[in-house]
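Residue-level structure breakdown
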Protein chains: 4
Amino acid sequence: MRSESSSFLGRARRDQIVRATIELLADVGYGATSLSAIAEKIGASKGVVSYHFAGKDELLTQVVNSVLQDAAAFMAPRVQTASGAPAKLRAYVQANLQFLGEHRDDIRALTAILTSLPPGSDGLPVYAAAGRDAVEALATLLRTGQDTGEFRDFTPSVVARSVRAAIDAVSELLNVEPDLDVSAYARELLALFEPGVLA
Amino acid sequence: MRSESSSFLGRARRDQIVRATIELLADVGYGATSLSAIAEKIGASKGVVSYHFAGKDELLTQVVNSVLQDAAAFMAPRVQTASGAPAKLRAYVQANLQFLGEHRDDIRALTAILTSLPPGSDGLPVYAAAGRDAVEALATLLRTGQDTGEFRDFTPSVVARSVRAAIDAVSELLNVEPDLDVSAYARELLALFEPGVLA
Amino acid sequence: MRSESSSFLGRARRDQIVRATIELLADVGYGATSLSAIAEKIGASKGVVSYHFAGKDELLTQVVNSVLQDAAAFMAPRVQTASGAPAKLRAYVQANLQFLGEHRDDIRALTAILTSLPPGSDGLPVYAAAGRDAVEALATLLRTGQDTGEFRDFTPSVVARSVRAAIDAVSELLNVEPDLDVSAYARELLALFEPGVLA
Amino acid sequence: MRSESSSFLGRARRDQIVRATIELLADVGYGATSLSAIAEKIGASKGVVSYHFAGKDELLTQVVNSVLQDAAAFMAPRVQTASGAPAKLRAYVQANLQFLGEHRDDIRALTAILTSLPPGSDGLPVYAAAGRDAVEALATLLRTGQDTGEFRDFTPSVVARSVRAAIDAVSELLNVEPDLDVSAYARELLALFEPGVLA
DNA sequence: CATGAATGAGAGTTCATTCAT
DNA sequence: CATGAATGAACTCTCATTCAT
């Protein structure tokens, strides 16, 4: 099925497989997410997955892209709507946590894949790129605020990395406390970071 | 595995195996750290590993414990020596980053294991316990500072989790920038967090 | 597969499939000549091949027959035209080499199939029949020459098999030396065999 | 088992596996010679084969080398003992046919492998090398005879290829006529070729 | 006629584990 | 203590075939 024909049925099957893969990754982890397990979950034979995806790699890539696109589609408008660097930062944190709360399986699946991929040939983790992109985007936001004098003088990459890490940590917390009030958590995070960031 | 024999030789062999496992985990990742690879690395047969450890699980548990104990042994005196909550927090962050810088393989191995272990039977990640302990210890420190009026009124677990996450993020950064000045990074982290934490 | 329909379109499709199969066999070998590869080569779906041929076996049989018929159609008039056993033998060798030179893919495909088919249920190679027929035809020619006194007294089947083998060996040589002068090679072959054959 | 320790047991097992593989190749052909079939034949699990050989490739390479070495060991002394090019040629043909008669399975296995391997990346069959070596060795013998004036003036490579092909053809014949008198056949071959070769 | 979807068997390979020596 | 041998399960992937549309 190399055709991008996007025949309705083919598309639906692929989506179904991606969804099943996400749920498995979230539920049983990377190691237990085999093609057999995926096939069983959708009530089909093993060959179906191989038919719709060139291989496990393509499937996992699809999962990663799917989640990243969803996240970007959710985040972008909320951050861009806000005016001024401080407001954008608030929107960034709040939107992030809201997305985390609403897409737990997706995030767990993403994490499972990214942390389980073997180190690349250069010795660096494969996911370094994805992570670095996210940090870089936030750093740019921070740098903009520094240029306008809204933010203090700090090293943007350090703060960006720390804020992102603090946000990502919520994902794990959600596994333990499913009823967490993510909105309140976002306010607490901002209360923690804003004093050190705002001018 | 008459493990209680604790003969000198047996102890040495176990340590050697644990070290080899740590290096492999750091170098080639969880997936490529097979018993054969470990055996090959120490120039022995596969059976040796199975002989000294009940199974792969016990070996990995040993690796985790080993690293956690080293970290605790390094951290504890530095934090306890400092007097006053703010000083203890500074010591905590600085000692943490110093340890990260000096034990990169250990940390990478630890991360590889903890992020790759499948979710436990209760659906929660196995490493939740270890992580929770670390956060809880820091939260206690923060709570103490709040009791003495040295720290503001925030939710200790939220701040503790965020600080830990910011610290842990440095581990990945070290893979990309091996020459990172961890001491300077620690100062930047404190400059970021202290305004939001100190009373 | 309503194969007796022999509609123009159906006939054309079958021929197209057979041609594609021959090219694949010649280019990538027996093992890589899958139904998918054939379908891809003609820009159609896998089902097409299955529709026009009862199975892979029938397709390969068709390929073999097709090539054998072409060869027979090329050889027969050239040999029959020559008068006298020695002239027929010369025509046989020359026509054979000429055909080899002009139908390399066909020959390679034929060889790929015949050498890759599993031994038949009787333990004998499936292609034994085809090979035996070719040897037998040449042996008959030789026997005729012996009867007329033009050829020496030798065992016809031995000489026939040897001549055929020497001819077939040129097929492999053509893969290595595509510019081989087959006509000159034919003369050398005759110079080698005629002293032992002619009376 | 990468060790060349040549422990008696390991060596025996490897030999046993190679023998089983040869018999399978001879009996059921290349396509049906799977690792499972091999394992079943020696009454062991599939893993055993993988344990003793790095992969199927290494096993098949071993088979090829094993047969080629046996053949060389058989042929070399017989040819070298003969004095004079004509005698060497006679010894070559006779020894070859004798070996063919005594090692049918080996030859069938060798043929199965060499004809079934896919074309190399250069488009040429992998076995071209092995075949070319054999032809080249015989061509050298012929050339020597020409230099001494014992042989006529012909193109050595053409004659060498033809003689080799005539010899190889006997291998197939042996499948059909197991009781063939190879010694008599050798005499007939020599009677066919010598008139065209001897000065 | 043709397609895309699905199946199920079988391939080679890897791995943790067990055990006799 | 240590080894080499063996197992058996699981894995990804490929393929010929079938079938509803």
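Please read these numbers as outputs of a predicted model, since none were measured by experiment.

1. Overview of the relation of the copies chain C and chain D
- It takes a turn of 179 degrees to lay chain C on chain D, together with a shift of 0.1 Å along the axis; the resulting RMSD is 0.3 Å. Between the two chains, the operation in question is that of a two-fold axis.
- Comparing interface residues between copies, 100% of those in chain C also sit at the interface in chain D, which points to an isologous, same-surface contact.

2. Some thoughts on the environment of C:Gly55
- Mapped onto the elements of the fold, C:Gly55 is located in the loop between α3 (46–52) and α4 (56–81).
- Considering only alpha carbons, one finds C:Gly55 and C:Leu35, 20 residues apart in sequence, at a separation of 9.6 Å.

3. Some remarks on empty space enclosed by the protein
Residue and element names in this part refer to chain D.
- Inspection of every chain in the model, using the stated rule, returns one cavity of 30 Å³ or more.
- In this structure, the largest cavity spans a volume of roughly 40 Å³.
- Secondary structure elements with two or more residues in the lining of the largest cavity: α5 (85–102), α8 (156–176) and α9 (182–197).
- With three residues, α9 is the largest single contributor of residues to the lining of the largest cavity.
- A breakdown of the residues in the lining of the largest cavity according to their chemical character gives seven nonpolar, no polar and no charged.

4. A few points about the interface of chain C and chain D
- The interface is formed by 35 residues belonging to chain C together with 36 residues belonging to chain D.
- Note on chain C versus chain D: buried area summed over both sides is about 2700 Å², and carbon and sulfur give 62% of it.
- When the buried surface of chain C facing chain D is broken down by residue, C:Val158, C:Arg161 and C:Leu192 rank first, second and third, together holding 20% of it.
- For the pair chain C and chain D, the number of links is zero salt bridges.
- Counting every contact that joins chain C to chain D gives four residue pairs in polar contact (both at pLDDT 80 or more).
- When residues of the side of chain C that touches chain D are traced back to their parent elements, those giving at least two are α1 (8–28), α6 (104–116), α8 (156–176) and α9 (182–197) of chain C.

5. Description of the arrangement of the chains
- Chain A makes no contact with chain D; the smallest distance between any of their C-alpha atoms is 21 Å.
- Without any contact between them, chain B and chain D keep their closest C-alpha atoms 10 Å apart.

6. Points about α8(C)
- An ideal rise of 1.5 Å per residue puts 30 Å on 21 residues; α8(C) measures up with 31 Å between its terminal C-alpha atoms.
- Most of α8(C) sits inside the fold, with 17 of its 21 residues counted as buried.

7. A closer look at the relation of the copies chain A and chain B
- Mapping chain A onto chain B leaves a residual RMSD of 0.3 Å; the transformation is a rotation of 179 degrees accompanied by 0.1 Å of translation along its axis.
- Taken together, the interface assignments show that 97% of the residues at the interface of chain A recur at the interface of chain B, consistent with an identical surface on both copies.

8. Side note on the side chain of D:Asn96
- On the secondary structure map, D:Asn96 appears in helix α5.
- Beyond its immediate stretch of four places on either side in the chain, D:Asn96 contacts D:Met75, D:Ala91, D:Arg164 and D:Ile167.

9. Re the interface of chain A and chain B
- Contact with chain A, which involves 36 residues of that partner, is made by 35 residues of chain B.
- The junction of chain A with chain B conceals about 2700 Å² of combined surface from both sides, 62% of it contributed by carbon and sulfur atoms.
- Taken together, the links from chain A to chain B amount to zero salt bridges.
- Across the contact surface, chain A and chain B share four residue pairs in polar contact (both at pLDDT 80 or more).
- Secondary-structure elements contributing two or more residues to the side of chain A that touches chain B are α1 (8–28), α6 (104–116), α8 (156–176) and α9 (182–197) of chain A.
- A total of 11 residues in the side of chain A that touches chain B trace back to one element, the largest contributor, which is α8(A).
- In the side of chain A that touches chain B, the residues fall into 21 nonpolar, eight polar and seven charged.

10. Some points on the packing of α8(A) against α9(A)
All names here are of chain A.
- It is the contact of α8 with α9, at a shortest axis distance of 12 Å, that shows an interaxial angle of 160 degrees. Accordingly, the angle class assigned to the pair α8 and α9 is roughly antiparallel. Here α8 runs over α9; the crossing is right-handed. Between α8 and α9, the contacting residues are Val159, Ser162, Val163, Ala166, Ile167, Val170, Leu173 and Leu174 on the first element and Val182, Tyr185, Leu189, Phe193 and Val197 on the second.

11. Some details on helix α6 (residues 104–116) of chain B
- Here α6(B) spans 18 Å end to end across 13 residues, near enough to the 18 Å set by a 1.5 Å rise per residue.
- Within α6(B), burial applies to B:Asp106, B:Ile107, B:Ala109, B:Leu110, B:Ala112, B:Ile113, B:Leu114 and B:Ser116.

12. As for the side chain of A:Arg161
- By the secondary structure assignment, A:Arg161 is in helix α8.
- Look past the residues within four positions of A:Arg161 in its chain and what remains in contact with it is A:Val135, B:Ala169, B:Leu173 and B:Tyr185.

Conventions and cut-offs
Residues numbered from 1 in each chain as written. Chains lettered and ligands numbered in written order. Predicted model: local features only at pLDDT ≥ 70, side-chain atom pairs only at ≥ 80, totals over all residues. Heavy atoms only, no water. Least-squares fit on C-alpha atoms with pLDDT ≥ 70 in both. Contact = heavy atoms within 4.5 Å. Helix = DSSP H or I, 4+ residues; strand = E, 2+ residues; numbered from the N terminus. 1 Å grid on protein atoms, 1.4 Å probe; cavity = no way out; pocket = protein on both sides within 12 Å on 5 of 7 lines; lining within 4 Å. Points joined across faces, edges and corners; volume = space filled by probe spheres on them. Nonpolar A, V, L, I, M, F, W, Y, C, P; charged D, E, K, R; others polar. Buried area = accessible area lost by both parts, 1.4 Å probe. Salt bridge = Lys/Arg side-chain N within 4 Å of Asp/Glu carboxyl O. Polar contact = N/O pair within 3.5 Å; in protein donor to acceptor, adjacent residues only side chain to side chain. Expected span 1.5 Å × (residues − 1). Buried < 20%, exposed > 50% of the residue type's maximum accessible area, 1.4 Å probe, protein only. Axes fitted to C-alpha atoms, helices over the stretch in contact; angles between N-to-C directions. Parallel < 35°, antiparallel > 145°, perpendicular 65-115°, else oblique. Left-handed = near helix turned anticlockwise from the far one by under 90°.

In short, the description is geometric, and any link to function would need to be established separately.
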